[in-house]
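# Examination of the molecular architecture
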Amino acid sequence: RTLTAKTVELVQLDRPHHVSFRLIRGPVADGRETYELRAVGGQTELTYRGHLEADLWGLGSRWLDGVAVRWEAAVLATLERVRRESESGETAPPH
């Protein structure tokens, strides 16, 4: 049996410097991500920050441990793809 979770996120965009996501409904008590872009010596620096919290004390903490591993892997894979595409100047088709 597979469980499906639906989420609702609030997105804040301050082009071209900042984008953030805040989970307002979903399986985690608090989920936030922030991407900051700034010019540094003719290049663009990207800073990522993410935060997850879960309810249900020990049970939520154990569940979150598994979710966090997959979440971090997905973020790292996405950031690596962004790095490769930005350095090559090409855009890959979406997955």
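Computed from a prediction, not measured in an experiment: that's the story for all the values here.

### Quick look at the overall build of the protein chain
When helices and strands are counted, the protein chain shows 1 helix and 4 strands. When the helices and strands of the protein chain are read in sequence order from the N terminus, they spell out β-β-β-β-α. The C-alpha radius of gyration of the protein chain comes to 16 Å, more than 25% above the 12 Å expected for a compact globule of 95 residues. Projected onto the principal axes, the alpha-carbon positions of the protein chain cover approximately 45 × 25 × 20 Å. Across the 95 residues in the protein chain, those meeting the buried criterion constitute 16%. Excluding contacts between residues fewer than 6 apart, the proportion of contacts in the protein chain whose partners are at least 24 apart in sequence is 14%.

### So, the pairing of strand S4 (residues 43-53)
Bridge analysis of strand S3 (residues 30-40) against S4 gives 11 bridges, and the strand direction is antiparallel. Looking across to S4, one finds that Arg-38 is bridged to Glu-45. Joining the antiparallel neighbours S3 and S4 is a turn of 2 residues, in which Gly-41 adopts a positive phi near 55°.

### Side note on the environment of Thr-4
Looking at the element boundaries, Thr-4 is found in the segment before strand S1 (8-14). In this structure the C-alpha to C-alpha distance between Thr-4 and Pro-27, which are 23 residues apart in sequence, comes to 9.7 Å.

### Some points on the packing of aromatic side chains
All told, the structure shown has 2 aromatic pairs when counted by the stated rule. Ring plane angle 90° and centroid distance 6.2 Å describe the contact between Phe-21 and Tyr-35, whose orientation is recorded as edge-to-face. Of this pair, Phe-21 sits in strand S2 (residues 18-25) while Tyr-35 sits in strand S3; the two residues are 14 residues apart in sequence, bridging distant segments of the chain. Between Tyr-35 and Tyr-48, the ring centres sit 5.0 Å apart and the planes meet at 55°, which makes this aromatic pair tilted. Residue Tyr-35 is located in strand S3, and its partner Tyr-48 is located in strand S4; the two are separated by 13 residues in the primary sequence. Assessed through its relative accessible area of 19%, Tyr-35 is described here as buried. Classification of Tyr-48 as partly exposed rests on a relative accessible area of 25%.

### So, helix H1 (residues 57-88)
With 32 residues, H1 ought to run about 46 Å at 1.5 Å a step, and its terminal C-alpha atoms sit 45 Å apart, in line with that. All of the buried residues along H1 are Gly-60, Leu-64, Val-67, Ala-68, Val-75 and Glu-85. Positioned one or two residues after H1, Gly-89 has a phi angle of 80°, which is positive.

The rules behind each value
Residues numbered from 1 in each chain as written. Predicted model: local features only at pLDDT ≥ 70, side-chain atom pairs only at ≥ 80, totals over all residues. Heavy atoms only, no water. Helix = DSSP H or I, 4+ residues; strand = E, 2+ residues; numbered from the N terminus. Rg over C-alpha atoms; globule rule 2.2 N^0.38 Å. Buried < 20%, exposed > 50% of the residue type's maximum accessible area, 1.4 Å probe, protein only. Contact = heavy atoms within 4.5 Å. Pairing = 2+ DSSP bridges. Phe/Tyr/Trp six-rings, centres within 6.5 Å; stacked < 30°, edge-to-face > 60°. Expected span 1.5 Å × (residues − 1).

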